[in-house]
Amino acid sequence: MPYAIVGHEGPLAGQRFPIGDEPMTFGRRGDNNVVITSERASRFHAEVRREGDDHVLHDRQSRNGTFVNGRKIASHVLRPGDTIAVGGETFRFEVVDELETVVDTSELQTVVRRIPGVESGQVLHVTISGGGPAGLSLALLLEHLMGHRVSITMYDGRWARDGSRVVWRNAAQGNNRRQQVVTVQSRQYLNLPEEVQARLFTPGSYTEMWPAGPDSIRGYSPRNIRIAYIEDTLLDMVNEKPDRIHLVPENFDPVEYHDAVAQDHVLAICEGGRSRTREHFTDKFGTADKSIYSLDGHHVQDIVLGIRVKSDLSDPMTVLLTVAQNRFLLNSLRGEGFLNMRLTDEEAREVIGIDPVRQVFEECIASNPCLMERTEDGNFHCSTHRTLFLPALIRGSALWRRVQEGLTFFGVTEDNVSAVTGFRLDMVQRPRFTARLFSPTSVNPGTYGFLLGDAANAIHFWPGRGLNSGLASVISLARSLNRNWRGRPFRDADFVRHEAAMSMLQYRHKSRAWNAMVAADEHGVTQAIKDKIAQGIDEGRAGSDRNADTDALMERFRQIRARLAPRVSGMPDDATLIEQLRALKDETVRSLVVSGAWDTLTVGGEEVDIDIFDSPVPPETPRPDTALSPVPPETSRREDTLPGSSGEEARDRTEVIFGGSGTQRTRERSETE
């Protein structure tokens, strides 16, 4: 494939220097291939050499250095879209379109274009900050839709280079991989490239959730799959496309890469709920509003303790136990996953690590979402901060006693507990998701920024939808870029549809999430569910009526079971449920009663369909034959929605879904009553 150095900024802007088999040299002397007249350039400043299948840029010990994408280098393997700065001149390393012919004489210049309406040599340059599922999906979808018209550079500090490939760092390198299970809606995965679908959904990598519902299209069911597997698969696929996707295993720094971003057309911010890049551009995207998710002037926050477990309970049993209360949520695939425990404010203050050497407390698991693995001696150890999980060390810890109650409720022995982690959510309303970061100039094309995934809509993990919202935002943006890129600066009008789709996603999913954080009491007064749990604990300590509480829970179980039994076989009988409750303490039973059941009426309803903004919809394809249980025709239009899918991004804030194993995982949704 032919390549060229193209002048981007300075006296040589617009000039193209094709790269052959011989080295291409840069410098002040006239015998260089690229002559730079600036005094900042050395006589022999740099050169590009062909080395195997790569083109490598080498600095020739110049006085002022050679820079690629804003960073000083000694040598660098070039990738399409790389920006090269030499002695005040700026160039790009680009693929030459083999079907483009340029005849240039003093009297005639004829340009034959491969893509109608796209100016010669114009490639859409995209920078993606954040390489989680949203960022990786965007890169693959853009490459699929636009081909040689796009060049993508991706940044993520959780990556490391392994030879010619980029891989995820492991725990020893400071990156604890996410093993949570996510539920991907067919509305989203069917809009990904077929190649991506085929690589993600290999036999044994997922299970299907039954029955289908409003978020299921064309007869395909939602699919349950681990986040780490999604990340591994997508990163492998991106590694296979080095001509158009350049991976940088570093955190994106908006200050350090300011000049590089100003020379690109798009900055897609996919870093997660605590994105530093988004905060850097607050003046462009606006300040988030906390008041809409506040009670009595106080921003409502939920903190959850995630306990990695293996449960032996059946799927129908875990479905029923989860839906009937708001204290615990089991998120697993084939029995293995996380038991998530919604904490009261008092309990959240106990979530802390202790450094056994320095004998100091660290809020590693609370302020940072660290994963604390269980060691041979039974302690939970954070490899990043060298701390131990304090509640598990203290014999009288109220929090750890309640964790053990949750394990008992879901049939998990302590031997089947392997790690603990924490999730924190500060849900806010964002005023906008699209902004012009840099205006076009004579040397810069004008840069638009986009918030995607959790950087746009960090959604409460209890009802889920994080990954699906992220994928929907990626699909919407990729379509907008593909539709509107004509080699000219973008306009605000180009992204009206995308901004509308993002606003719809925010309204739908955050309104659903808010209803999973608060509930109204018998007088209609709204109260945070975590405060209701604290109330139940206090009442249980004071001596509540155990028999009345057991009866109330059993009646709740029966009502939910009656709704689900026609679609989920194997529901537990009363005797099994009573036996499960008998092992619990009074305060636990009382807190389960007071926490309330899932509000399935308000969290259900119509899903956001971004296809209404775009005409290209994948053609109808018959549902392939599978070994999974078919969806009965009479249930295909209904869905009971249990907690949905996990969050997109990073360890900063993880949204967790409920996921039983096998083919009969069910999500509870609204029923018309």
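Up top is the structure these notes are about.
Counting restarts for each chain: residues are numbered from 1 in the order of the written sequence. Local features in a predicted model are, by the rule used here, given only for residues with pLDDT of at least 70; side-chain atom pairs are given and counted only at 80 or more, and totals for whole chains, interfaces and linings are based on all residues. Remark: hydrogens and water are excluded; side-chain values derive from all non-hydrogen atoms of the structure.

Caption draft 1: Spotlight on the nonpolar core. Of all hydrophobic cores here, the largest spans 76 residues; its most connected members are Leu 124, Ile 128, Leu 138, Ile 152 and Met 154. Any two residues having at least one pair of non-hydrogen atoms within 4.5 Å are treated as being in contact. Dropping the residues within four chain positions of it, Leu 124 is found in contact with Met 146, Arg 149, Val 150, Ser 151, His 265, Val 266, Leu 481, Trp 485 and Phe 490. By nonpolar core is meant a set of buried Ala, Val, Leu, Ile, Met, Phe, Trp, Tyr and Cys residues that side-chain atoms within 4.5 Å join together. Each residue's exposure class comes from its accessible area (1.4 Å probe, protein chains only) as a fraction of the maximum for that residue type: buried when under 20%, exposed when over 50%, partly exposed otherwise. Counting residues in each nonpolar core, the second largest holds 53 residues, with Leu 330, Val 412, Val 417 and Ala 516 among its members.

Caption draft 2: Structural view of the pairing of strand E1 (residues 3-9). Strands are runs of DSSP state E lasting at least two residues, helices are runs of H or I lasting at least four, and both sets are numbered from the N terminus onward. Of all 7 residues that make up E1, 6 are buried, and the element is covered over most of its length. Relative to strand E11 (residues 89-95), E1 runs antiparallel, the two being bridged by 6 bridges. Within the sheet, the bridge partner assigned to Tyr 3 lies in E11 and is Val 95. Any two strands between which DSSP finds at least two bridges are classified as paired. As judged from the 4 bridges shared by E1 and strand E2 (residues 16-19), these two strands associate in the antiparallel manner. Bridging across to E2, Ala 4 finds its partner in Pro 18. Counting the residues between successive antiparallel strands, the hairpin from E1 to E2 contains 6 residues, one of them, Gly 10, with a positive phi of roughly 115°.

Caption draft 3: Geometry of the packing of aromatic side chains. Put simply, two rings from Phe, Tyr or Trp (the six-membered ring, in Trp's case) pair if the centres are within 6.5 Å, and we call them stacked under 30 degrees between planes, edge-to-face over 60, tilted for the rest. Inspection of the entire model under this criterion finds 19 aromatic pairs. When the ring of Tyr 3 is compared with that of Phe 93, the centres are 5.0 Å apart and the planes differ by 10°; the resulting orientation is stacked. Of the two residues, Tyr 3 is situated in strand E1 and Phe 93 in strand E11; the sequence distance between them amounts to 90 residues. Ring geometry for Phe 201 against Tyr 206: centres 5.3 Å apart, planes inclined by 70°, an arrangement best described as edge-to-face. Of the aromatic side chains, those joined through ring pairs into one cluster are Tyr 448, Phe 450, Trp 485, Phe 490 and Phe 495. By definition here, charges over rings are those cases where NZ of Lys or CZ of Arg is within 6 Å of the ring centre and within 35 degrees of the ring normal. Taking the ring centre of Phe 201 as reference, the NZ or CZ of Arg 223 above it sits at 4.7 Å.

Caption draft 4: Quick peek at the pattern of salt bridges. Whenever a carboxyl oxygen of Asp or Glu lies within 4 Å of a side-chain nitrogen of Lys or Arg, that contact is scored as a salt bridge. Taken as a whole and assessed by the stated rule, the structure comprises 33 salt bridges. For Asp 345, the salt bridge identified is with Lys 530, shortest N-O distance 2.9 Å. You can see Asp 345 sitting in helix H9 (residues 345-348) and its partner Lys 530 sitting in helix H15 (residues 529-542), a full 185 residues away along the chain. Judged by its relative accessible area of 38%, Asp 345 falls in the partly exposed class. Classification of Lys 530 by relative accessible area gives buried; the value is 9%. Its salt-bridge partner being Arg 402, residue Glu 347 comes within 3.0 Å of it at the nearest N-O pair.

Caption draft 5: Representation of the environment of Ala 398 within the structure. Note that Ala 398 resides in helix H12 (residues 398-409). Judged by its relative accessible area of 16%, Ala 398 is buried.

Caption draft 6: View of unusual backbone geometry. Positive phi, normally seen in glycine, also occurs at Gln 61, with a value near 55°. With a phi close to 55°, Gln 359 is a non-glycine residue in the positive phi region. For Gln 359, the position within the fold is in the loop between strand E28 (353-355) and strand E29 (360-362).

Caption draft 7: Expanded view of the side chain of Arg 79. Inspection of the secondary structure puts Arg 79 in the loop between strand E9 (75-77) and strand E10 (83-86). Apart from the residues within four sequence positions on either side, Arg 79 is in contact with Asp 54, Phe 93, Pro 242 and His 246.

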